[in-house]
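Inside the fold
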Amino acid sequence: MPTHEHYMQRAIELAERAVGNTSPNPLVGAVIVRDDAIVAEGWHKQAGEAHAEVDAINNATANGYSTEDATIYVSLEPCSHQGKTPPCTNAILNAGFSKLVYATSDTNTKARGGAEILRAAGIEVVGGICEEQARQVNRFFFHYQAYSTPYVIAKFASSLDGRTATRNGDSQWITGPESRQYGHLARQAVDAIIVGAQTAIADQPQLTVRNPDAHPYSDPAHPIRIVLDSSGRVPLSNSLFNQSLPGNTIVVSTNAMPEKHAHKLAELNIEVIKLPCSPKANNQTNAETKNYPDVKLLLKELGQRGMQSVLVEGGNTVVGNFLDHALINEVWAFIAPVLIGGNDASPSVGGLGFETLALAPRLTNVSVEYLNNDILVKGRIANDSTAEFNRVFK
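Everything numeric here is computed off the predicted structure, so don't read it as measured data.

1. Considering the state of the cysteines
One pass over the structure, following the stated rule, counts 0 disulfides. Of all cysteine sulfurs, the one in cysteine 79 lies closest to cysteine 88, which takes part in no disulfide; the gap is 3.6 Å. No disulfide involves cysteine 130; its nearest neighbouring cysteine sulfur is the one of cysteine 88, lying 20 Å away. Take cysteine 130: its relative accessible area is 16%, and that puts it in the buried class.

2. Examining the sheet that holds strand E3 (residues 71-74)
Ordered by their spatial adjacency, 5 strands build an open sheet running E2-E1-E3-E4-E5, and the pairing between neighbours is mixed. Looking at strand neighbours, the two that pair on one side only are strand E2 (37-43) and strand E5 (124-126), the edges of this open sheet. Taking each pair of neighbouring strands and ignoring which way they run, the sheet shows an average axis angle of 15°. Alignment of strand E1 (residues 29-34) against E3, held across 4 bridges, turns out to be antiparallel. Each bridged residue has a counterpart across the sheet, and for valine 33 the counterpart in E3 is threonine 71. Packed onto the sheet, helix H1 (residues 4-15) meets E1, E2, E3, strand E4 (99-102) and E5 and runs at close to 145° relative to E1. Across the face of the sheet, helix H2 (residues 52-62) comes into contact with E1, E2 and E3 while running at roughly 130° to E2.

3. Quick word on the sheet that holds strand E13 (residues 363-371)
Sheet architecture is open: 9 strands sit in the order E10-E9-E8-E7-E11-E6-E12-E14-E13, paired in mixed fashion. The open sheet terminates on both sides in strands that have one partner only, identified here as strand E10 (271-274) and E13. The mean angle between the axes of side-by-side strands here comes to 20°, regardless of whether they run parallel or antiparallel. Against the sheet, helix H10 (residues 295-304) contacts strand E6 (151-159), strand E7 (192-196), strand E8 (224-228), strand E9 (249-253), E10 and strand E11 (309-314), and its axis sits at roughly 160° relative to E8. This element, helix H11 (residues 316-324), spans E6, E7, E8 and E11 of the sheet and lies at about 135° to E11.

4. Digging into the environment of asparagine 94
Mapped onto the fold, asparagine 94 is located in helix H3 (residues 88-95). Taking the C-alpha atoms as reference, asparagine 94 lies 9.6 Å from threonine 67; in sequence the two are 27 residues apart.

5. Digging into the nonpolar core
By size, the foremost hydrophobic cluster in this structure holds 27 residues, and its most contacted members are Ile194, Ile226, Leu228, Val252, Phe322 and Ile328. When residues of this core are traced back to their parent elements, those giving at least two are E6, E7, E8, E9, H10, E11, H11 and strand E12 (330-336). Setting aside residues no more than four positions away along its own chain, phenylalanine 322 makes contact with Val152, Ile194, Val295, Leu299, Val312, Leu327 and Ile328.

6. Focus on the pairing of E11
Of all the 6 residues making up E11, 6 are buried; the element is thus mostly covered by neighbouring parts of the structure. Two elements, E6 and E11, share 4 bridges in a ladder whose sense is parallel. Following the sheet pairing, tyrosine 151 is matched in E11 by serine 309.

7. Side note on the pattern of salt bridges
Inspection of the entire model under this criterion finds 13 salt bridges. Between aspartate 161 and arginine 163 there is a salt bridge, with its nearest N and O atoms 3.8 Å apart. Among the residues examined, aspartate 161 registers a relative accessible area of 25% and is labelled partly exposed. With a closest N to O distance of 2.8 Å, glutamate 301 and arginine 305 form a salt bridge. By relative accessible area, glutamate 301 is classed as partly exposed at 22%. With a relative accessible area of 35%, arginine 305 lands in the partly exposed category.

What counts and what doesn't
- Residues numbered from 1 in each chain as written.
- Predicted model: local features only at pLDDT ≥ 70, side-chain atom pairs only at ≥ 80, totals over all residues.
- Heavy atoms only, no water.
- Disulfide = S-S within 2.5 Å.
- Buried < 20%, exposed > 50% of the residue type's maximum accessible area, 1.4 Å probe, protein only.
- Pairing = 2+ DSSP bridges.
- Helix = DSSP H or I, 4+ residues; strand = E, 2+ residues; numbered from the N terminus.
- Axes fitted to C-alpha atoms, helices over the stretch in contact; angles between N-to-C directions.
- Contact = heavy atoms within 4.5 Å.
- Core = buried A, V, L, I, M, F, W, Y, C linked by side-chain atoms within 4.5 Å.
- Salt bridge = Lys/Arg side-chain N within 4 Å of Asp/Glu carboxyl O.

Encoded structure:
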């Protein structure tokens, strides 16, 4: 006989079909079961559209299946508030379900409490099934609910000896096509993608999603492109300022950017955000003040705009700046089996770094994937804890 975990695994798989398309809402999947068989499925496809529970109920009705006294499995506790759509608790009650099984509680103060409402109405409720996996799928959402700032993924591609370019700046391509295509999964998932001025100038990136395998059930969700350019070095002719690109581009700068350049960017419909320069890194005693936009303030600004996730894609100075200020939550490191060498070759992570190994953050929940000859190492930053982020953001 199938277990709760069996059906919940399917609900989580359905939730993941909408990666990148539901923000600021969470990813949610639902499965309706009668007589130990799945009779309908659904998932939340896009913010503003039907939630997973309603989608599954509608699919059951369309296929002639009754939901009376059936069980519904949901990867997140059903919402209890009126937003762009009615409360899912109402839909579950009206459908006549006798049992609700959910994976993890909703931490949104407006939406949580649905399980208790349904339990009080006489529905049998079981929670905590596949909870860790469900929280991982919605890690952006849960992080944002806790800190009101985006979850940060640092992504880079390097040689086996940790270089991202030769001493002469040659960097395309260190990793193979499989790694580059896989990287679009991260772009599809996040709300925004960040690069520095030097990367924008050297690579002329588009920062769009160009791998259909990253969104097999939806249109691509192109992230907002963010360029850190303190003094206006990136030419107006840069690929990132091409008005034919989907979505929006933002330039984050400081008062060092000439007003004339800022006005020209505005004429291209490019928003310019000017921030103070970055202060000393919190984890360094001898840090020098650099002429970089304050990335902590940037994350607060993006959080105020409702962005729940960002991908820091380069270059090594930008990644290092986020690391120095304890702002990275997760790492995607693509490693190619090539040795570049050279003391003057660019490292994969720049910045000030750490004085001792005891201070250097280690990854947890590490996974390793093989992409032809390349290796992808993913992991969470071990010091991503409530205490650490309260120190940085509260």
